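Reading the structure
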Amino acid sequence: MVREFKRTPFVDFHINENTTLESGKPADYSFKKLSEPKAMGVEAARSIRIGCVPERGTVKKKLLTRSIWLNNNKLKSIKNLEQIVESILEVPSQLSWIDFSFNYIKDIDDCILKYPNLKIVYFHGNCISKLAELMKLRKLKNLRTVTFHGNPISNLPLYRLSIMYILPQVLNLDFFPIIKNEKLSPPPTETLKIIRDYEAKEKRTPK
């Protein structure tokens with residue numbers, strides 16, 4: 001039986017004076033048997049779980065939302081994520097919540113960095129086994145909520161503490177807020193090595 005989690009709806013917001021995105025209505029592409037991100041028609045969005053689909057914009061005729069559910073599919077990678085995002089969202093740059101839970105994802109592709117407004121990303125119930133993969137999310141400065149439970153990394157010693165230091169901008173991990181006392185603990189030695197190796201690699205990479 002697939003476990004469902006309660007989602008918190010977004011408040012209304014505006015992209016600019018002329019474009020208003022709907023609140024609380026994600027583009028639902030869950031249970032589509034997707035094996036890879038690919039262009040999808042707006043007509044393919046599911047309405048069963050939430051009772052409706054987001055309205056369409058007047059310019060591109062795509063969905064007025066900044067939330068996408070891709071959970072419970074067969075995704076092994078998020079590479080080429082932009083293909084699905086660009087094909088269904090009226091304003092792709094404003095993507096702020098994406099749900100990859102219950103797939104078969106092993107790594108985190110840099111393509112996710114194309115969406116710097118991401119605030120919520122769900123990866124629970126996947127196959128991520130290396131903490132170093134999470135370092136790629138470090139550049140998403142607006143990221144506040146993440147999930148990784150149900151991945152092999154969640155069985156690692158000091159898993160929660162490691163993610164706190166790898167992703168210092170995050171306030172909520174696995175549906176639980178990071179509290180002040182947790183932040184008083186020193187970082188695990190292996191986590192410090194992951195961070196240092198990543199930062200050294202970044203310095204060597206041409207901009």
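See the structure printed just above.
Residues numbered from 1 in each chain as written. Predicted model: local features only at pLDDT ≥ 70, side-chain atom pairs only at ≥ 80, totals over all residues. Heavy atoms only, no water.

What follows concerns the pattern of salt bridges. If you walk through the whole model with that rule in mind, you get nine salt bridges. Ionic pairing is found between E202 and K139, a salt bridge with its closest N-O pair at 2.9 Å. Residue E202 is found in helix 3 (residues 189–204), and its partner K139 is found in the loop between strand 6 (120–122) and strand 7 (145–147); the two are separated by 63 residues along the sequence. Because the salt bridges share partners, they merge into one network encompassing D28, R46 and R49. (Salt bridge = Lys/Arg side-chain N within 4 Å of Asp/Glu carboxyl O. Helix = DSSP H or I, 4+ residues; strand = E, 2+ residues; numbered from the N terminus.)

A large share of helix 2 (residues 159–166) lies buried, amounting to six of its eight residues. The set of residues buried in helix 2 consists of Y159, L161, S162, I163, M164 and I166. Looking at the buried residues of helix 2, the elements they touch are strand 8 (172–173) and helix 3. (Buried < 20%, exposed > 50% of the residue type's maximum accessible area, 1.4 Å probe, protein only. Contact = heavy atoms within 4.5 Å.)

Despite not being glycine, N72 has its phi angle at roughly 55°, a positive value. Among the secondary structure elements, N72 is positioned in the loop between strand 4 (67–69) and helix 1 (81–88). Judged by relative accessible area, N72 falls into the buried class, the value being 13%. Despite not being glycine, N80 has its phi angle at roughly 70°, a positive value. Within the element layout of this structure, N80 appears in the loop between strand 4 and helix 1. In this structure N80 comes out as partly exposed when scored by relative accessible area, which is 32%.

In this section: helix 1. The periodicity of an α-helix, 3.6 residues per turn, causes residues three or four places apart in sequence to face the same way. For helix 1, a buried count of six out of eight residues is recorded, marking the element as mostly surrounded by other parts of the structure. Here helix 1 has its buried residues at L81, E82, I84, V85, S87 and I88.

Along the chain, E90 falls in the loop between helix 1 and strand 5 (97–99). The charged side chain of E90 is buried without a salt bridge, its nearest counter-charge being K60 at 6.4 Å. Side-chain polar atoms of E90 contact the backbone nitrogen of V59, separated by 3.3 Å. Among the polar contacts made by the side chain of E90, one reaches the main-chain amide nitrogen of K62 at a distance of 2.9 Å. (Lys, Arg positive; Asp, Glu negative; His and termini not counted. Polar contact = N/O pair within 3.5 Å; in protein donor to acceptor, adjacent residues only side chain to side chain.)

Centre-to-centre distance and the angle between the planes together describe a pair of aromatic rings. Under the criterion given, the structure shown has five aromatic pairs. Where W97 meets Y122, the ring centres are 6.0 Å apart and the plane angle is 75°; that geometry is what we call edge-to-face. On the criterion of sequence distance, the pair formed by W97 in strand 5 and Y122 in strand 6 is long-range, its members being 25 residues apart. By the burial criterion, W97 is buried, and Y122 matches it. For the pair F100 and F123, a centre-to-centre distance of 5.1 Å together with 20° between the ring planes defines the contact as stacked. Of the two residues, F100 sits in the loop between strand 5 and strand 6 while F123 sits in the loop between strand 6 and strand 7, which places them 23 residues apart along the sequence. Taken together, W69, W97, Y122 and F175 form an aromatic cluster joined through their ring pairs. (Phe/Tyr/Trp six-rings, centres within 6.5 Å; stacked < 30°, edge-to-face > 60°.)

Next up on the list: the nonpolar core. Ranked by size, the top nonpolar core spans 49 residues in total, and within it L70, L81, F100, I112, F123 and F148 carry the most contacts. Put simply, the parts of the chain that give this core at least two residues each are helix 1, helix 2 and helix 3. Top contributing element to this core by residue count: helix 2, with five residues. Excluding anything up to four places from it in sequence, F100 contacts L70, N71, L75, I78, L81, I105, I112, V121, Y122, F123 and N126. (Core = buried A, V, L, I, M, F, W, Y, C linked by side-chain atoms within 4.5 Å.)

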